[in-house]
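What follows is each chain in one-letter form.
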Amino acid sequence: NAGVTQTPKFRILKIGQSMTLQCAQDMNHNYMYWYRQDPGMGLKLIYYSVGAGITDKGEVPNGYNVSRSTTEDFPLRLELAAPSQTSVYFCASSYSSRGEQPQHFGDGTRLSIL
Amino acid sequence: DQQVKQNSPSLSVQEGRISILNCDYTNSMFDYFLWYKKYPAEGPTFLISISSIKDKNEDGRFTVFLNKSAKHLSLHIVPSQPGDSAVYFCAASEWAGNNRKLIWGLGTSLAVNP
(Lines give C-alpha, C1' and ligand atoms only; values in the text may rest on other atoms or scores of the structure.)
Protein backbone atom coordinates (compact mmCIF):
# COMPACT_ATOMS: atom_id res chain seq x y z
CA ASN A 1 0.00 0.00 0.00
CA ALA A 2 1.43 3.36 -1.02
CA GLY A 3 -0.81 5.40 1.34
CA VAL A 4 0.12 9.07 1.05
CA THR A 5 2.91 9.90 -1.40
CA GLN A 6 4.70 13.25 -1.42
CA THR A 7 7.11 14.51 -4.05
CA PRO A 8 9.77 15.79 -4.07
CA LYS A 9 11.44 14.72 -0.81
CA PHE A 10 13.88 17.64 -0.86
CA ARG A 11 14.06 20.92 -2.72
CA ILE A 12 16.08 24.10 -2.58
CA LEU A 13 14.49 27.23 -4.00
CA LYS A 14 15.73 30.73 -4.52
CA ILE A 15 13.80 33.65 -3.07
CA GLY A 16 10.98 34.62 -5.43
CA GLN A 17 10.77 31.27 -7.23
CA SER A 18 7.59 29.24 -7.32
CA MET A 19 6.98 25.53 -7.02
CA THR A 20 4.30 22.93 -6.48
CA LEU A 21 4.53 20.23 -3.81
CA GLN A 22 2.71 17.13 -4.94
CA CYS A 23 0.57 14.90 -2.74
CA ALA A 24 -1.37 11.81 -3.76
CA GLN A 25 -3.28 9.24 -1.72
CA ASP A 26 -4.66 5.88 -2.82
CA MET A 27 -7.01 5.23 0.12
CA ASN A 28 -10.04 7.01 -1.40
CA HIS A 29 -10.06 9.47 1.51
CA ASN A 30 -12.21 12.56 1.16
CA TYR A 31 -10.27 14.67 3.65
CA MET A 32 -6.79 15.92 2.86
CA TYR A 33 -4.50 18.34 4.68
CA TRP A 34 -1.28 20.27 4.27
CA TYR A 35 0.86 21.01 7.32
CA ARG A 36 4.19 22.65 7.87
CA GLN A 37 6.58 21.82 10.69
CA ASP A 38 9.25 24.30 11.62
CA PRO A 39 12.27 23.12 13.67
CA GLY A 40 11.31 22.32 17.28
CA MET A 41 7.67 23.14 16.66
CA GLY A 42 4.40 21.30 16.28
CA LEU A 43 2.53 20.93 13.02
CA LYS A 44 0.60 23.93 11.70
CA LEU A 45 -2.30 23.48 9.27
CA ILE A 46 -1.90 25.39 6.00
CA TYR A 47 -4.91 24.28 3.96
CA TYR A 48 -7.35 21.42 3.98
CA SER A 49 -9.94 19.88 1.67
CA VAL A 50 -13.13 17.98 2.52
CA GLY A 51 -13.55 16.62 -0.99
CA ALA A 52 -12.82 17.20 -4.67
CA GLY A 53 -13.44 20.83 -5.55
CA ILE A 54 -13.65 22.00 -1.92
CA THR A 55 -10.73 23.62 -0.10
CA ASP A 56 -10.39 25.93 2.87
CA LYS A 57 -7.72 27.83 4.78
CA GLY A 58 -6.03 26.54 7.90
CA GLU A 59 -3.99 28.46 10.47
CA VAL A 60 -1.13 29.62 8.24
CA PRO A 61 -2.36 29.93 4.61
CA ASN A 62 -0.52 33.10 3.53
CA GLY A 63 1.87 32.54 0.64
CA TYR A 64 0.28 29.24 -0.41
CA ASN A 65 -2.48 28.02 -2.69
CA VAL A 66 -4.11 24.64 -3.17
CA SER A 67 -6.45 22.89 -5.56
CA ARG A 68 -8.35 19.62 -5.37
CA SER A 69 -9.54 18.52 -8.81
CA THR A 70 -9.58 14.80 -7.94
CA THR A 71 -10.06 12.76 -4.77
CA GLU A 72 -6.51 11.44 -5.04
CA ASP A 73 -4.43 14.59 -5.52
CA PHE A 74 -3.95 17.69 -3.38
CA PRO A 75 -1.05 19.84 -4.65
CA LEU A 76 0.30 22.78 -2.66
CA ARG A 77 1.56 25.78 -4.61
CA LEU A 78 4.14 28.24 -3.28
CA GLU A 79 4.17 31.56 -5.09
CA LEU A 80 7.12 33.93 -4.63
CA ALA A 81 9.05 31.78 -2.17
CA ALA A 82 10.35 33.53 0.95
CA PRO A 83 12.93 32.39 3.56
CA SER A 84 10.11 32.15 6.14
CA GLN A 85 8.69 29.27 4.10
CA THR A 86 11.73 27.11 4.82
CA SER A 87 10.16 24.15 6.57
CA VAL A 88 9.16 20.51 6.32
CA TYR A 89 5.80 20.09 4.62
CA PHE A 90 3.53 17.17 5.39
CA CYS A 91 0.47 16.07 3.48
CA ALA A 92 -2.13 13.94 5.26
CA SER A 93 -5.48 12.34 4.54
CA SER A 94 -8.31 10.88 6.58
CA TYR A 95 -11.42 8.82 5.87
CA SER A 96 -13.75 11.14 7.75
CA SER A 97 -13.79 14.08 10.10
CA ARG A 98 -14.76 11.99 13.12
CA GLY A 99 -12.63 12.95 16.09
CA GLU A 100 -11.05 9.56 16.60
CA GLN A 101 -10.25 9.11 12.90
CA PRO A 102 -6.49 9.26 12.45
CA GLN A 103 -4.81 11.24 9.75
CA HIS A 104 -2.38 9.31 7.55
CA PHE A 105 0.77 11.21 6.69
CA GLY A 106 3.24 11.21 3.86
CA ASP A 107 6.96 11.29 4.59
CA GLY A 108 7.26 15.01 4.00
CA THR A 109 9.00 17.45 1.67
CA ARG A 110 11.97 19.28 3.14
CA LEU A 111 12.07 22.73 1.52
CA SER A 112 14.82 25.33 1.87
CA ILE A 113 14.47 28.86 0.53
CA LEU A 114 17.81 30.61 0.04
CA ASP B 1 -0.40 30.82 23.32
CA GLN B 2 -0.04 27.06 23.16
CA GLN B 3 -3.25 25.17 23.74
CA VAL B 4 -1.49 21.79 23.83
CA LYS B 5 1.71 21.56 25.84
CA GLN B 6 4.24 18.79 26.09
CA ASN B 7 6.54 20.16 28.76
CA SER B 8 9.25 17.52 28.52
CA PRO B 9 11.27 17.91 25.30
CA SER B 10 13.02 14.59 25.91
CA LEU B 11 12.80 11.42 27.97
CA SER B 12 15.21 8.53 28.40
CA VAL B 13 14.21 5.10 29.77
CA GLN B 14 15.69 1.64 29.98
CA GLU B 15 14.41 -1.16 27.79
CA GLY B 16 11.67 -3.11 29.56
CA ARG B 17 10.68 -0.24 31.86
CA ILE B 18 7.65 2.01 31.60
CA SER B 19 7.72 5.21 29.50
CA ILE B 20 5.30 7.95 30.55
CA LEU B 21 4.78 10.88 28.20
CA ASN B 22 2.70 13.80 29.42
CA CYS B 23 0.48 16.35 27.72
CA ASP B 24 -1.49 19.30 29.12
CA TYR B 25 -4.18 21.31 27.38
CA THR B 26 -6.08 24.50 28.05
CA ASN B 27 -9.15 24.34 25.79
CA SER B 28 -12.10 22.54 27.36
CA MET B 29 -13.76 22.26 23.91
CA PHE B 30 -11.31 19.56 22.80
CA ASP B 31 -13.30 16.34 22.51
CA TYR B 32 -10.69 13.90 21.22
CA PHE B 33 -7.00 13.47 21.89
CA LEU B 34 -4.59 11.57 19.71
CA TRP B 35 -0.99 10.43 20.04
CA TYR B 36 1.31 10.14 17.06
CA LYS B 37 4.83 8.74 16.79
CA LYS B 38 7.39 10.15 14.39
CA TYR B 39 10.69 8.68 13.23
CA PRO B 40 13.32 10.90 11.54
CA ALA B 41 12.64 11.58 7.85
CA GLU B 42 9.16 10.03 8.09
CA GLY B 43 5.69 11.42 8.62
CA PRO B 44 3.82 11.05 11.92
CA THR B 45 2.11 7.71 12.49
CA PHE B 46 -1.07 7.40 14.53
CA LEU B 47 -0.74 5.45 17.79
CA ILE B 48 -3.85 5.75 19.92
CA SER B 49 -6.73 8.10 20.63
CA ILE B 50 -9.14 8.82 23.46
CA SER B 51 -12.49 10.51 23.64
CA SER B 52 -13.00 13.22 26.25
CA ILE B 53 -15.82 11.18 27.77
CA LYS B 54 -13.43 8.36 28.66
CA ASP B 55 -10.55 8.24 31.12
CA LYS B 56 -8.55 5.35 29.68
CA ASN B 57 -7.92 3.64 26.38
CA GLU B 58 -5.58 0.71 25.88
CA ASP B 59 -4.06 -0.85 22.78
CA GLY B 60 -1.42 -3.48 23.37
CA ARG B 61 1.61 -1.92 25.06
CA PHE B 62 0.11 1.59 24.76
CA THR B 63 -2.35 3.10 27.22
CA VAL B 64 -3.60 6.66 27.28
CA PHE B 65 -5.04 8.15 30.46
CA LEU B 66 -7.16 11.30 30.50
CA ASN B 67 -7.76 13.47 33.58
CA LYS B 68 -10.32 15.94 32.31
CA SER B 69 -10.53 17.98 35.51
CA ALA B 70 -6.78 18.55 35.41
CA LYS B 71 -6.77 18.95 31.60
CA HIS B 72 -3.97 16.40 31.49
CA LEU B 73 -3.32 13.23 29.55
CA SER B 74 -0.50 10.76 29.54
CA LEU B 75 0.72 7.98 27.27
CA HIS B 76 2.14 4.89 28.97
CA ILE B 77 4.30 2.44 27.04
CA VAL B 78 4.90 -0.87 28.82
CA PRO B 79 7.31 -2.49 28.34
CA SER B 80 9.43 0.02 26.43
CA GLN B 81 11.44 -1.30 23.49
CA PRO B 82 14.36 0.26 21.58
CA GLY B 83 12.11 0.52 18.50
CA ASP B 84 9.89 2.91 20.49
CA SER B 85 12.65 5.54 20.29
CA ALA B 86 10.98 8.38 18.36
CA VAL B 87 9.32 11.75 18.83
CA TYR B 88 5.83 11.51 20.28
CA PHE B 89 3.23 14.18 19.52
CA CYS B 90 0.08 14.83 21.47
CA ALA B 91 -2.73 16.36 19.39
CA ALA B 92 -6.15 17.64 20.44
CA SER B 93 -9.19 17.80 18.21
CA GLU B 94 -12.14 20.21 18.14
CA TRP B 95 -14.77 21.32 15.64
CA ALA B 96 -13.89 24.53 13.82
CA GLY B 97 -16.40 25.67 11.21
CA ASN B 98 -17.22 22.79 8.86
CA ASN B 99 -14.29 20.61 9.79
CA ARG B 100 -12.25 19.40 12.69
CA LYS B 101 -9.04 21.08 13.71
CA LEU B 102 -6.06 19.29 15.20
CA ILE B 103 -3.86 21.29 17.57
CA TRP B 104 -0.42 19.75 18.01
CA GLY B 105 2.04 19.82 20.88
CA LEU B 106 5.74 20.35 20.26
CA GLY B 107 6.62 16.71 20.84
CA THR B 108 8.67 14.67 23.30
CA SER B 109 11.72 12.79 22.07
CA LEU B 110 11.82 9.34 23.68
CA ALA B 111 15.06 7.34 23.83
CA VAL B 112 14.78 3.72 24.95
CA ASN B 113 18.20 2.40 25.88
CA PRO B 114 19.03 -1.31 25.50
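Only a predicted model underlies this, so the values are computations on that prediction, with no experimental measurement involved.

**Some points on the sheet that holds strand E6 (residues 56-59) of chain B**
- In space, the 5 strands of this open sheet follow the order E1-E3-E8-E7-E6 (chain B), with antiparallel pairing throughout. Sheet topology places strand E1 (4-5) and E6 of chain B at the edges, where each strand pairs with a single neighbour.

**A look at the pairing of E6(B)**
- Note that E6(B) and strand E7 (residues 62-67) of chain B share 4 bridges and pair antiparallel. Along E7(B), the bridge assignment pairs B:Asp59 with B:Phe62.

**A few points about the state of the cysteines**
Residues and elements named next belong to chain A.
- The tally for this structure, following the rule as stated, stands at 2 disulfides over all chains.
- Across the disulfide from Cys23 sits Cys91; the S-S distance is 1.9 Å. One disulfide, between Cys23 and Cys91, carries an S-S torsion of -70 degrees and so falls in the left-handed class. Placement of Cys23 in strand E3 (residues 19-25) and of Cys91 in strand E9 (residues 87-94) is noted, with a sequence separation of 68 residues between them. For the pair shown, Cys23 and Cys91 are each scored as buried.

**Examining the sheet that holds strand E8 (residues 76-78) of chain A**
All names here are of chain A.
- The 4 strands are arranged E1-E3-E8-E7 in an open sheet whose pairing can be described as antiparallel. Every interior strand has two partners, whereas the edge strands, strand E1 (4-7) and strand E7 (64-66), have only one. Adjacent strand axes in the sheet meet at a mean angle of 20 degrees when their direction is disregarded.
- Two elements, E3 and E8, share 3 bridges in a ladder whose sense is antiparallel. Considered in E8, the bridge of Leu21 is made with Leu76.

**What about the interface of chain A and chain B?**
- Taken together, the contacts link 22 residues of chain A with 20 residues of chain B.
- With both sides pooled, the region where chain A packs onto chain B buries about 1700 Å², and carbon together with sulfur makes up 58% of that total.
- Contact with chain B buries area across many residues of chain A, yet A:Leu43, A:Gly99 and A:Glu100 alone supply 25% of it, more than any other trio.
- In this structure, the connection of chain A to chain B is made through 0 salt bridges.
- For the interface between chain A and chain B, the tally reads 4 residue pairs in polar contact (both at pLDDT 80 or more).
- Taken together, the elements giving at least two residues each to the side of chain A that touches chain B come down to strand E4 (31-37) and strand E5 (43-51) of chain A.
- In terms of residue count, the dominant contributor to the side of chain A that touches chain B is E4(A) (4 residues).
- Among the residues forming the side of chain A that touches chain B, the class breakdown is 10 nonpolar, 8 polar and 4 charged.

Parameters and conventions
- Residues numbered from 1 in each chain as written.
- Chains lettered and ligands numbered in written order.
- Predicted model: local features only at pLDDT ≥ 70, side-chain atom pairs only at ≥ 80, totals over all residues.
- Heavy atoms only, no water.
- Pairing = 2+ DSSP bridges.
- Helix = DSSP H or I, 4+ residues; strand = E, 2+ residues; numbered from the N terminus.
- Disulfide = S-S within 2.5 Å.
- Buried < 20%, exposed > 50% of the residue type's maximum accessible area, 1.4 Å probe, protein only.
- Axes fitted to C-alpha atoms, helices over the stretch in contact; angles between N-to-C directions.
- Contact = heavy atoms within 4.5 Å.
- Buried area = accessible area lost by both parts, 1.4 Å probe.
- Salt bridge = Lys/Arg side-chain N within 4 Å of Asp/Glu carboxyl O.
- Polar contact = N/O pair within 3.5 Å; in protein donor to acceptor, adjacent residues only side chain to side chain.
- Nonpolar A, V, L, I, M, F, W, Y, C, P; charged D, E, K, R; others polar.

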